[in-house]
Amino acid sequence: MRLRKTYGLLLVLLLVIGMSYASTTCVTAADEHMSRPMVYVVNIEGTIEPGLASYVKRVINEAEAAGADAILVEVNTFGGRVDAATEIRDYILGFRGRSVAFVKGRAWSAGALITLAAKDIAMARTASIGAAETIPKEEKQISALRGEFEATAENRGRDPKIAAAMVDADIAIDGVVQAGKLLTLTAQRGKELGFIDLIASSRDEVLRGFGLEEANVVEPHQNWAEKLARFLTDPTVSSLLLILGFLGLLFEITSPGWGV
């Protein structure tokens, strides 16, 4: 009888020790997970339009609500609407944590402005940034966009004249760009001029280069509403819809009674 009680006590003791060890291990793993920095990824791909701005706003709001340490803005775009780009630029500048831009392919036109809004800039070896010509090419539009580029570069401690030369072909910089030419920088040239911080070939290399290699990476995807908004606000699609609406109105005027 005593032997049974002894075995029973030993079994209970072993169970208690095992549960305590498992609990300690889980807590330690959770603490390690929580102590690692958190990075939210923002994807800037395709044409820049208001639908993309809505997506960027949501992701940055989620990052701030989650207490993220940084956002990684991955850029590959030929450009798009300036109003949407300035809106995205403001969201990135307003983020309270660290902001890193990684140009994977091209950051042309409006994409260059978005890239300049980040505190740190990395580029793939084959990437390029610049070529921010306005449409229409009028002094008013050039002056406004040049000011946005200069102010953004100054805010991040970059050479505002180099940024301005991406917009205004009248700006000449010795050894960099001649008058009459818009400035577009390769990754290597940008690094030589101190305009970018890092040349990297992958996201992991970018994170490692900025001391975020141990970070928990969160990559929110665009929801259906944002995808629909991006489709409808694409300049080509919106122009076609406007033409169709005008043709419908014209048809109704010339053919009363059809109810179009």
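Things to note about the overall build of the protein
Point 1. Within the protein, the regular secondary structure consists of 10 helices and eight strands.
Point 2. Within the protein, contacts between residues at least 6 apart in sequence are counted, and of these 66% link residues at least 24 apart.
Point 3. Taken as a whole, the protein presents about 14,600 Å² of accessible surface, with 59% of it coming from carbon and sulfur.

Some words on the pattern of salt bridges
When their charged atoms lie close together, side chains carrying opposite charge are able to pair.
Point 1. A complete count under the given rule lists 15 salt bridges for this structure.
Point 2. Across the pair Glu219 and Arg203 runs a salt bridge, and its minimum N-O distance is 3.2 Å. On the criterion of sequence distance, the pair formed by Glu219 in the loop between β8 (216-218) and α9 (224-233) and Arg203 in helix α8 (residues 203-209) is long-range, its members being 16 residues apart.
Point 3. Among the charged side chains, a network of salt bridges with common partners joins Glu45, Glu74, Lys104, Arg203 and Glu219.

Quick notes on the packing of aromatic side chains
For any pair of aromatic rings, the description consists of the separation of the ring centres together with the inter-plane angle of the planes.
Point 1. In the structure shown here, the tally under the stated rule is one aromatic pair.
Point 2. On the numbers, 5.2 Å between centres and 70° between planes, the contact of Phe78 with Trp108 is edge-to-face. Placement of Phe78 in the loop between β2 (70-77) and α3 (82-94) and of Trp108 in strand β3 (residues 98-108) is noted, with a sequence separation of 30 residues between them.
Point 3. Given a relative accessible area of 28%, Trp108 falls into the partly exposed group.
Point 4. Sitting over the ring of Trp108, Arg106 keeps its end group 5.9 Å from the ring centre.

A word on helix α5 (residues 139-155)
Point 1. Spanning 17 residues, α5 covers 24 Å between terminal C-alpha atoms, matching the ideal 24 Å at 1.5 Å per step.
Point 2. Check the buried side of α5 and you find it contacts α3, α4 (110-116) and α6 (160-165).
Point 3. Looking at the residues trailing α5, positive phi occurs at Gly157, about 75°.

Some words on empty space enclosed by the protein
Point 1. Inspection of the entire model under this criterion finds one cavity of 30 Å³ or more.
Point 2. Taken as a whole, the largest cavity holds about 30 Å³ of empty space.
Point 3. Every residue along the wall of the largest cavity is listed here: Val39, Ala70, Ile71, Leu72, Val100, Val206, Leu207, Phe210 and Leu212.
Point 4. Mapped onto the lining of the largest cavity, the elements with two or more residues apiece are β2 and α8.
Point 5. Counting residues per element, the lining of the largest cavity draws most heavily on β2, which supplies three residues.
Point 6. Partitioned by chemical class, the residues of the lining of the largest cavity number nine nonpolar, no polar and no charged.

With respect to the layout of surface pockets
Which parts of space are left empty comes out when a probe the size of a water molecule is rolled across the atoms.
Point 1. There is about 340 Å³ of room inside the largest pocket.
Point 2. What lines the largest pocket is a set of 16 residues, and nearest its centre among them are Gly80, Val82, Glu133, Thr134 and Ile135.
Point 3. Of all elements in the fold, only α3 and α5 reach the threshold of two or more residues within the lining of the largest pocket.
Point 4. No other element matches the four residues that α5 contributes to the lining of the largest pocket.

Looking at the confidence of the model for the protein
Point 1. Mean pLDDT for the protein: 87, with 82% of residues reaching 70 or above.
Point 2. Within the model, pLDDT remains below 50 along residues 25-33, and this stretch shows one contact once partners closer than five positions in the same chain are excluded.

Considering unusual backbone geometry
Point 1. A cis amide bond links Ile135 to the next residue, Pro136, at an omega of 0°.
Point 2. Note that Pro136 resides in the loop between β5 (128-130) and α5.
Point 3. Even without being a glycine, Ser109 presents a positive backbone phi close to 55°.
Point 4. In this structure, Ser109 sits in the loop between β3 and α4.
Point 5. With phi around 50°, Ala131 is a residue other than glycine that occupies positive phi space.
Point 6. Within the element layout of this structure, Ala131 appears in the loop between β5 and α5.

Quick look at the packing of α3 against α5
Point 1. Relative orientation of the contacting elements α3 and α5 amounts to 15°, with a least axis distance of 12 Å. Viewed along their axes, α3 and α5 adopt a mutual orientation that is roughly parallel. The interaxial crossing formed by α3 with α5 has left-handed handedness. For the pair formed by α3 and α5, the contact residues are Val82, Thr86, Arg89 and Leu93 on the first element and Leu145, Glu148, Ala151, Thr152 and Asn155 on the second.
Point 2. Looking at the contact of α3 with α5, its residues break down into four nonpolar, three polar and two charged.

Calculation rules
Residues numbered from 1 in each chain as written. Predicted model: local features only at pLDDT ≥ 70, side-chain atom pairs only at ≥ 80, totals over all residues. Heavy atoms only, no water. Helix = DSSP H or I, 4+ residues; strand = E, 2+ residues; numbered from the N terminus. Contact = heavy atoms within 4.5 Å. Areas by Shrake-Rupley, 256 points an atom, 1.4 Å probe, with all protein chains shown as cover. Salt bridge = Lys/Arg side-chain N within 4 Å of Asp/Glu carboxyl O. Phe/Tyr/Trp six-rings, centres within 6.5 Å; stacked < 30°, edge-to-face > 60°. Buried < 20%, exposed > 50% of the residue type's maximum accessible area, 1.4 Å probe, protein only. Lys NZ or Arg CZ within 6 Å of the ring centre and 35° of its normal. Expected span 1.5 Å × (residues − 1). 1 Å grid on protein atoms, 1.4 Å probe; cavity = no way out; pocket = protein on both sides within 12 Å on 5 of 7 lines; lining within 4 Å. Points joined across faces, edges and corners; volume = space filled by probe spheres on them. Nonpolar A, V, L, I, M, F, W, Y, C, P; charged D, E, K, R; others polar. pLDDT = per-residue confidence, 0-100. Axes fitted to C-alpha atoms, helices over the stretch in contact; angles between N-to-C directions. Parallel < 35°, antiparallel > 145°, perpendicular 65-115°, else oblique. Left-handed = near helix turned anticlockwise from the far one by under 90°.

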